[in-house]
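A look at the structure
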Amino acid sequence: MTDAAYSPARLPGWLSALRNIFAYLLRSPTSAFGLAVIAILVLTAILAPWIATHDPFTQNLDNVLQPPGNGHLFGTDELGRDIFSRLVYGARITLRIIFLVSVVVGPIGLIVGATAGYVGGWMDAVLMRVTDIFLAFPSLILSLAFVAALGPSLNNAIIAIALTSWPPIARLARAETMTFRKADYIAAARLQGASPMRIILKSIIPMCLPSVAIRLTLNMATVILTAAGLGFLGLGAQPPEPEWGAMIATGRRYMIDSWWLVACPGVAILCVSLAFNLLGDGLRDALDPKQMNRR
Amino acid sequence: MQDPILEVSNLSIRYPGAPADSVRGVSFVLGRERLGVVGESGSGKSTVGRALLKLLPGARITADQLRFEDLDLLALSEAEMLKVRGRRMSMILQDPKFSLNPIQRVGRQVAETYLRHFPVSRAEAKAKTLEMLAAVNIRDPERVHELYPHEISGGMGQRVMIAMMLLADPDLVIADEPTSALDVTVRLQVLNILDGLVRDRGIGLIMISHDLNLVRNFCDRVLIMYAGRVVETLKAGEFHKAQHPYTRGLLAAQPRIGGPRKPLAVLDRRPEWTEEQPA
Amino acid sequence: MSKGRRRFRRAAGQAVSVAVTLLGLLMLTFFIGRMMPADPVRAIVGEDATPETYDMVYSQLGLDRPLWAQFLRYMGDVLTGNFGQSIRTGQPVIQDILHVMPATIELATFAIVIGAGLGVPLGVLAAVNKDRWIDHAVRVFSLFGHSMPIFWTGMIALLIFYAGLGWVGGSGRMDYFYIGMVPSRTGFLLIDSLLAGEWRVFFSAINHLILPATLLGYSASAYITRMTRSFMLDQLNQEYMTTARVKGLSRGQTIWRHAFSNIRVQLVTIVALSYGALLEGAVLIETVFAWPGFGQYLTNNLVIGDMNAVMTCVLIVGVIFIALNLLSDILYRLFDPRTK
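One structure accompanies this document, and this report is about it. (Residues numbered from 1 in each chain as written. Chains lettered and ligands numbered in written order. Predicted model: local features only at pLDDT ≥ 70, side-chain atom pairs only at ≥ 80, totals over all residues. Heavy atoms only, no water.)

Scanning chain B from terminus to terminus reveals 10 helices and 11 strands. Taking 279 residues into account, the globule formula puts the C-alpha radius of gyration at 19 Å, and chain B, at 19 Å, falls close to it. Its C-alpha atoms put chain B at 60 × 50 × 40 Å along the principal axes. Looking at chain B as a whole, 52% of its 279 residues are labelled buried. Partitioning the contacts of chain B with sequence separation of at least 6, the portion at a separation of at least 24 is 68%. Accessible area for chain B stands at about 13,100 Å²; split by element, carbon and sulfur atoms hold 50% of it. (Helix = DSSP H or I, 4+ residues; strand = E, 2+ residues; numbered from the N terminus. Rg over C-alpha atoms; globule rule 2.2 N^0.38 Å. Buried < 20%, exposed > 50% of the residue type's maximum accessible area, 1.4 Å probe, protein only. Contact = heavy atoms within 4.5 Å. Areas by Shrake-Rupley, 256 points an atom, 1.4 Å probe, with all protein chains shown as cover.)

Below, the structure is given as structure tokens:
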């Protein structure tokens, strides 16, 4: 442990906190599995052209529905495309969904929640009522409705998922804001004449960020499953995009004789969503103060 | 003194994962008397109480002797302890707000002690419960029997607790800070009820408290604990004979009406007290 | 007196908040309906209609009026139970939905029984053995159920248990040759077949129900397990657990009589909420199992773009959700002595 001696002094606070969290997560086999799978997902998406053995779109009608082996790790689909390569490129789609949803949902949830919590009064009542209305639907059903209205495509699926997954974040940000709204440093900022907008952006939102980040991680499993579900129903990514849910939908017709068409993308979805669930579970433990003290 | 109820010698307790023993080398003998155990938080006084009932999951309890009447507590299995707890030895917990089950009626909770240990019908247990509630000066036992804990005051809650713990007529009662959570005005009332019942029934009482004055007035003898050890044992009337510097420090830190208007003495704590064996 | 008034005011407040949420729900479905890029008039009159016909239908649908007037009309329609016609079946949408609902309710009820039957004991087990291997095993098992894409698991399960092992019935609510054998009185096949005394149909229905219901129940059990565990942990950390032990109760008796019996009300509310969430899984699993229920009706209409039917489905799910929330709230108030 040579680096332990000097690192706490050199690293900035948040970085060493991050290091502690990672150390904690790696100690538990389940969250370590989660981290590993997510790392593999990211690497696969970045290095897709080098990892894939074939072009994911090139059809070869002389070589359809080949079982795994024979130069095709996971076999070929009904158009003779290499399933392994399609899965590898599919990682990019999954990552794109995760990234775009987070980028949209995080800020919306933060701003709505922080504003409601800080301003209070009728603003709070109105914003929270809107949040409740969105929460009154199961997310998949509401996403279905949005996609039905917008027309099926990957981007519309992402928009629909984002539109349905901000309310829990807003709820969380509001609860967080309420706890330190009365804090002295907020009062100090107000006395200095800072506008509410400035206080929300500069003082409140940064304080909400960590818990919102955890919550987003926890939500990712649901986001992935919803996206795959939309893909399966033909409302998400359209063929020939190698989206995993859509791959299952097209593979369904050949399932009885060629199980690998369905099995491989399903396992991929299962692994990634399980990984996010396990990681989220571990993060919750890691950031629960009672758990931290026990060590 | 008659036969002792409880003989403890060289009792040590270590919590799971703790680097050191929380209680070390505690010895005392208890007859049909009232014994006070005084110490600051963390001194191990509550741990001793719970160890006697063997209610410290995972903790390692060692002793040369831990004898309760005819029983060797150390050797008893959990199944045998179930017949001891509540029936022969019980404990009054600190705060009725937390120690009573909030969504069960008071009467049912009290009666449970009796039903657990005696083969009686519900009606008999209820009669016994009402009798006991009356014994702790609850004026309208029939009404209180049907109430939920949040509907009664703290003082009444603690009287219910006393009723619950004395219902099966135990020989030893451990009272763990029985009045700390109560309003000052009802403390004395509750203590007098407890004291009266303990005397009448010839029950041995161990009163665990951080309040030196209270213990001095209600107990026959007092153990003073510091950092997991008993540093001194005193008769209630002989506090002026205290030898140990810690005890003297505690006494000096007591405010007195009509005393000198100097600042109270600050308690001195020395690491060597945790090492030396009490005389 | 004042107690009664307080209760009345709270009930009134809740009624207002439910009304506002319902209004919001209507606005949401209304606007999603208007967002649609497809032209509803064109869908009715066809590609080669004259401009005059087009304009006539346009104003018949009220599309020439301001948005708020259109909304008021939509709200009036909904309140009078007029949800419009389905393009596909030509029937009033609400009649279609009432027709398919029993199949889904049958499936969801079986699923929730399985989900609660699995989730509650597992949650208790995990809490009692916190941080031991049982706890970890339960956690992984339930997260697994929460992580599986249910449409995929459904297909794999059909492949294994129906096509491979032949243990259960395949798609649909019963075997083909039984279809139409029992008159539909309630719409619930299990009840109808019993009423008709057709045991073979009844067992065929159970045989077909068991697999989708188990999968749905397993996926719902994750949430139930997690909540049960955390409710139980809350209880087990309470001082009155010690009181019970001091009275001489065994650990098992303490857990059962003082911890578990204290969380029963909370569990009922959780199970009620899970029932609503099951509808979401039902949409996907019904597609896989060709289950002629609400979910399949919704997806079929999505594919052909029948927005009337889709929006009505969405609205109904929203109303069911609000009703379940309200129900769990009321249950809590009724059965927890501290709220009286």
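From this point, the narrative continues.
Moving on: the interface of chain B and chain C. On the chain C side, the residues contacting the 28 residues of chain B number 18 residues. A combined buried area of about 2,100 Å² lies between chain B and chain C, and 59% of that area is made up of carbon and sulfur atoms. In this structure, the connection of chain B to chain C is made through four salt bridges. Residues Glu 112 of chain B and Lys 247 of chain C are paired through a salt bridge, measuring 2.8 Å at the closest nitrogen-oxygen approach. Inspection of the region where chain B meets chain C yields 13 residue pairs in polar contact (both at pLDDT 80 or more). (Buried area = accessible area lost by both parts, 1.4 Å probe. Salt bridge = Lys/Arg side-chain N within 4 Å of Asp/Glu carboxyl O. Polar contact = N/O pair within 3.5 Å; in protein donor to acceptor, adjacent residues only side chain to side chain.)

The next thing to look at is the pattern of salt bridges. Following the criterion strictly, the structure yields 30 salt bridges over all chains and no others. The closest approach of N and O atoms between Arg 171 of chain A and Asp 132 of chain A, which form a salt bridge, is 2.3 Å. Pair noted here: Arg 171 of chain A is in helix H8 (residues 154-180) and Asp 132 of chain A is in helix H6 (residues 121-135), with a separation of 39 residues, a long-range link. Taking relative accessible area as the criterion, Arg 171 of chain A reaches 37% and is therefore assigned partly exposed. The shortest N-O distance in the salt bridge between Arg 257 of chain C and Glu 112 of chain B comes to 3.3 Å.

It is worth spelling out the environment of Leu 115 of chain B at this point. Among the structural elements, Leu 115 of chain B can be located in helix H4 (residues 106-117). Those residues within four positions of Leu 115 of chain B in sequence are excluded, and the remaining contacts are Val 120, Ser 121, Arg 122 and Ala 125 of chain B.

Let us look at the packing of aromatic side chains. All told, the structure shown has 15 aromatic pairs over all chains when counted by the stated rule. Between Tyr 226 of chain B and Tyr 246 of chain B, the ring centres sit 4.6 Å apart and the planes meet at 45°, which makes this aromatic pair tilted. With a gap of 20 residues between them, Tyr 226 of chain B in strand S10 (residues 221-226) and Tyr 246 of chain B in helix H10 (residues 245-252) connect regions that are remote in the sequence. A relative accessible area of 8% places Tyr 226 of chain B in the buried class. Arranged with centres 5.2 Å apart and planes meeting at 75°, the rings of Phe 30 of chain C and Phe 31 of chain C form a pair that is edge-to-face. These aromatic residues form a ring-pair network of at least three members: Phe 30, Phe 31, Phe 71 and Tyr 74 of chain C. (Phe/Tyr/Trp six-rings, centres within 6.5 Å; stacked < 30°, edge-to-face > 60°.)

What follows deals with the sheet that holds strand S11 (residues 229-235) of chain B. Residues and elements named next belong to chain B. Strand order in the open sheet made by the six strands is S7-S8-S9-S3-S10-S11, with mixed pairing throughout. Each edge of the open sheet carries a strand with a single partner, namely strand S7 (89-92) and S11. Recorded for the sheet is a direction-independent mean angle of 20° between the axes of neighbouring strands. The sheet contact formed by S10 and S11 spans six bridges and is antiparallel. Within S11, the position partnered with Met 225 by the bridge is Val 230. Those strands touched by helix H7 (residues 154-166) are S7 and strand S8 (172-176), and its axis lies near 175° from that of S7. The strands touched by H10 are S10 and S11; relative to S10, the strand with the most contacts, the crossing angle is about 105°. (Pairing = 2+ DSSP bridges. Axes fitted to C-alpha atoms, helices over the stretch in contact; angles between N-to-C directions.)

Considering every one of the two pairs of chains in contact, the largest contact total is recorded for chains A and C. Between chain A and chain B there is no contact; the minimum C-alpha to C-alpha separation amounts to 10 Å.

Let us look at the interface of chain C and chain A. The partner chain A presents 44 residues to the 43 residues of chain C that form the contact. Here chain C and chain A share an interface that buries about 4,000 Å² over both sides, 77% of which is from carbon and sulfur atoms. Its largest share of buried area at the contact with chain A, chain C owes to Trp 152, Met 155 and Glu 280 of chain C, together 15% of the area lost on that side. Along the contact surface separating chain C from chain A lie two salt bridges. Of the charged contacts in the structure, one is a salt bridge between Asp 281 of chain A and Arg 139 of chain C, with a shortest N-O distance of 2.7 Å. There are 10 residue pairs in polar contact (both at pLDDT 80 or more) connecting chain C and chain A.

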